[in-house]
Amino acid sequence: MNVLVSGASMAGLSAAYWFAHLGHRVTVVERSDGLRPGGAPIDVRGRALGTAQRMGILQRIDDEKVVVSQPAPVLDAKGMQVATLDLRWFANETDDDIEISRDRLNNILLGLIPKEVKFRFEVSIASLVDDQDGQGGVDVALTDGSQGRYDLVVGADGLHSNVRKLAFGPEKNYVRHFGYYVALLDLPKEREWSRGMLNVPGLKISVRNAGDGPQAMMIAASPEIDYDHRDLAAHRKIIDGFLSRVDAWQVPAIRAAFMDPAAKGFYFDSVSQTHMPSWTQGNVAVIGDAGHCAALLSGMGTTLAMVSAETLARTWSDCNGDMSAASPLYHESLRPYVAQCQAFAHEGAPIMVPMTQEALDQRNASFRSCAEKSAASLAATAVEGSDRVRA
Ligand SMILES: Cc1cc2nc3c(=O)[nH]c(=O)nc-3n(C[C@H](O)[C@H](O)[C@H](O)COP(=O)(O)OP(=O)(O)OC[C@H]3O[C@@H](n4cnc5c(N)ncnc54)[C@H](O)[C@@H]3O)c2cc1C
């Protein structure tokens, strides 16, 4: 059967692999001129570890993981160190979870896709007309002027999904602002950057080495802002407004780096969740952030992208392409997991971006207490170890 996938990132590449693996002819359209680079390291965890194992890439992902090593200083508004953050306290859901850069994971996924899968970059779906009976097909017109008929169209085109808009209706019906904006940037390598995380109420600015050089991340609490999410100049202006609140540490230099239109690894978006009563509509389905974005603060976006791609491909194939039969099975398998992953975002927010000075002070005190406990447990292990040697 013929499958059209919109979007070539974690969800789209995983879907391309699974549908091709299960014997279907797959075409992928991607709006950008290649895989979109950039992003902070992301996590492959929970059910995605099984998916990666079945794809035969678990070891490769592990080989290329980012190793979280040194604790980083936590700074106050004046740039003074007030605590230490060791990401190992939070990084893993289980010991098996893997953190890897977005680019490396995308390249691993791309390398897995058979050559029969057709990729069409700088192309997206202009219109689609679905037979709507769950067994027919979808007539699709692409932005390059070509047309085709597909048994299934998969929207894997992210938070601002085009397929969701065309088949299910406007973004505002499904995407809920989670209260934050995120910006990322690869910092210029000409100068030295020190690692660390500076917080003021409602704003976090951090620098870390994500394995491929220093990277800045900003997370800012804010009500929803009305802007064109494809207008990069508008993004920079919003970021400038957030960063202008802090004049200490390396923040002025980070702010200047964000304002450079030629900067590498630039990414800006709202931290939002997608909530949909159904992820299928006739012969169209949405997966990954398009269908059920869990929000960056959950750490579960990539996991859900990989898991939803496999689950959709398997249930649809098992039902011989009859979406009316596959859809209930798909929702039954995925819905509870999505709910659980989306709930994680509520836990991440107060740790990363406390909203008041009091909450910030409490968070820093808890970091200090974690550091003390971890030092005490290391000391105890050392004593136990030396006892054992003596015995
Ligand atoms: C550049 C970038 C950086 C990111 N950085 C982080 C990060 O640091 N931390 C984090 O947790 N999450 C990050 N994310 C989001 C993260 O990749 C997703 O939450 C998660 O991996 C789910 O992936 P996805 O494939 O569903 O969506 P996405 O990774 O958002 O991919 C969607 C894909 O669809 C393409 N697309 C969009 N519109 C169209 C269209 N009309 N036609 C065809 N293709 C289209 C996009 O170009 C993109 O390649 C980032 C996403 C991007 C695109």
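Look up a bit, the structure's there.
None of these values were measured; they are calculated from a predicted model.

Q: Any chance you could explain the sheet that holds strand 10 (residues 147-150) here in plain terms?
A: For sheets, the rule is that strands pair by backbone hydrogen bonds, running either parallel or antiparallel. Pairing within the open sheet is antiparallel, and its three strands lie in the order 8-9-10. The open sheet is flanked by strand 8 (125-130) and strand 10, the only strands paired with a single partner. Strand-to-strand twist in this sheet, taken as the mean axis angle between neighbours without regard to direction, amounts to 20°. Where strand 8 meets strand 9 (residues 138-142), five bridges bridge the pair, whose relative direction is antiparallel. By the bridge assignment for strand 9, Asp130 is matched with Val138.

Q: Help me understand the sheet that holds strand 13 (residues 196-200), please; the structure alone is not making it clear to me.
A: Spatially, the seven strands line up as an open sheet ordered 5-4-13-14-15-12-16, and their pairing is mixed. Taken across any chain shown, the strands that pair with only one partner, and hence form the sheet edges, are strand 5 (81-85) and strand 16 (267-274). Pairs of neighbouring strands in the sheet enclose a mean axial angle of 20°, with direction left out of account. Note that strand 12 (residues 175-186) and strand 16 share eight bridges and pair antiparallel. Among the inter-strand pairings, Val175 is bridged to a residue of strand 16, identified as Thr274. Contacting strand 12, strand 13, strand 14 (203-209) and strand 15 (214-221), helix 7 (residues 251-258) runs over the sheet at an angle of about 95° to strand 12.

Q: Could you clarify how one ought to interpret helix 6 (residues 232-243) in this entry?
A: Every α-helix carries 3.6 residues per turn, so stepping three or four residues along brings you back to the same face. Here helix 6 spans 16 Å end to end across 12 residues, near enough to the 16 Å set by a 1.5 Å rise per residue. Where helix 6 is buried, its residues meet strand 12, strand 14, strand 15, helix 7 and strand 16. The backbone nitrogen of Ala233 has a side-chain oxygen 3.1 Å away, supplied by the residue at the start of helix 6, namely Asp231.

Q: What is the right way to look at the environment of Gly136 in this model?
A: Considering the arrangement of structural elements, one finds Gly136 in the loop between strand 8 and strand 9. Distance in space between the C-alpha atoms of Gly136 and Asn283 is 7.4 Å, their sequence separation being 147 residues. Beyond its immediate stretch of four places on either side in the chain, Gly136 contacts Asp131, Arg149, Asp151 and Asn283.

Q: What exactly am I supposed to notice about the site of the ligand here?
A: In the vicinity of the ligand lie 31 residues, with Ser9, Glu30, Ala40, Ser124 and Asp289 positioned nearest. One of the side-chain N or O atoms of Asp289 is found 2.6 Å from an oxygen atom in the ligand. If the ligand stood free it would expose 930 Å²; the protein chains cover 92% of that surface. Elements represented by at least two residues in the shell around the ligand include exactly helix 1 (10-21), strand 2 (25-30) and helix 9 (301-318). A total of three residues in the shell around the ligand trace back to one element, the largest contributor, which is helix 9. Within the shell around the ligand, the residues separate by chemical class into 13 nonpolar, 12 polar and six charged.

What counts as what
- Residues numbered from 1 in each chain as written.
- Predicted model: local features only at pLDDT ≥ 70, side-chain atom pairs only at ≥ 80, totals over all residues.
- Heavy atoms only, no water.
- Pairing = 2+ DSSP bridges.
- Helix = DSSP H or I, 4+ residues; strand = E, 2+ residues; numbered from the N terminus.
- Axes fitted to C-alpha atoms, helices over the stretch in contact; angles between N-to-C directions.
- Contact = heavy atoms within 4.5 Å.
- Expected span 1.5 Å × (residues − 1).
- Polar contact = N/O pair within 3.5 Å; in protein donor to acceptor, adjacent residues only side chain to side chain.
- Near = heavy atom within 4 Å.
- Areas by Shrake-Rupley, 256 points an atom, 1.4 Å probe, with all protein chains shown as cover.
- Nonpolar A, V, L, I, M, F, W, Y, C, P; charged D, E, K, R; others polar.

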